[in-house]
Amino acid sequence: MTNVIDRNKEPVLAVYPGSFDPITVGHMDIIYRAADLFDELIVCIMVNHKKHCLFSEAERLEQVKMLFKDTANIRVDSYHGLAMAYAKEKKAKVLVRGLRSPEDFSYEYNMTFFNHRISPEVETVFLGASMDYVNISSSAVRELLAFGGNISGLVPKEIEKAIIERGGKYE
Ligand code: ADP
C-alpha cells in the first residue's frame, strides 16, 4: 500500500510567473491563494525585452518585493527566459496560472502541452479569477494610465503610490 505521508514529505514549491507590469489586485488574489495552497511560492517577474514595459525589471522587482516583504512563504525573483525553464531550474513542483476567461484557458491549455515537453515533472495548476477581479488586467491598467484614467482599486495602494511618485497623473 502506498504510504501517503511519505509521498507528501517534500515541501511543495510553486512558481507564479507573469509580467506584473504593473501587479494588480487580481494578481495579488492569485498569489495569496497559491501561497495558502503550497508550502512556498516564488513570484517570478518574466522579462521580455521585445515587450515594451511600463516598469523596468528593477522597478517591478522592487515593487513586488515590497508587497511581500512580511509574508514568510513568498519569495520574489525575475527571469529572462521561459517560465517553465525557470520552474525546472528551481526544482519547483507546480507552475501557477490564473484564468479569467475562456480565452485565457485556451491559451494556457495550449501552453501546458509545450511546457510538459520542457519539464514533465512540473504540474501546471490553474486558479480561476475571483469574481471581483475577473475583468482586471495589467494591460487595462496601462491603458487607463495612458489616458489619465483612475486606477484606484485596480492595483495595491503601494503600487498606486509608486505610479504617482513616478509622475503618472490621473484624475
Ligand atoms: P502575462 O504573463 O500574459 O503578461 P500577466 O503578467 O498579467 O500576464 O499575468 C500572469 C498570470 O496571472 C497569468 O496566468 C494571467 O492569466 C493571470 N492573471 C492576470 N490577471 C489576473 C486576474 N485579474 N485574476 C486572475 N488571474 C490573473
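Residues numbered from 1 in each chain as written. Predicted model: local features only at pLDDT ≥ 70, side-chain atom pairs only at ≥ 80, totals over all residues. Heavy atoms only, no water.

Caption draft 1: Spatial organisation of the nonpolar core. With 29 residues, the main nonpolar core has Ile 23, Ile 31, Leu 41, Val 43, Phe 68 and Val 96 as its most contacted residues. Where this core is concerned, the elements lending two or more residues are strand S1 (13-18), helix H2 (25-37), strand S2 (40-46), helix H3 (57-67), strand S3 (74-79), strand S4 (94-99), helix H6 (138-146) and helix H7 (157-165). For this core, the element with the highest residue contribution is H2, accounting for 5 residues. Beyond its immediate stretch of four places on either side in the chain, Phe 68 contacts Ile 23, Met 28, Ile 31, Tyr 32, Ile 74 and Val 76. Counting 13 residues, the second-largest nonpolar core is a separate cluster that includes Met 46, Tyr 79, Ala 83 and Val 122. (Core = buried A, V, L, I, M, F, W, Y, C linked by side-chain atoms within 4.5 Å. Buried < 20%, exposed > 50% of the residue type's maximum accessible area, 1.4 Å probe, protein only. Helix = DSSP H or I, 4+ residues; strand = E, 2+ residues; numbered from the N terminus. Contact = heavy atoms within 4.5 Å.)

Caption draft 2: Just the pairing of strand S5 (residues 123-128), in detail. Here S4 runs beside S5; their pairing, made up of 6 bridges, is parallel. Note on S5: the bridge partner recorded for Arg 97 is Phe 126. What joins S4 to S5 is helix H5 (residues 102-118), and the crossover it makes is right-handed. (Pairing = 2+ DSSP bridges. Right-handed = clockwise from strand over helix to strand, strands pointing away.)

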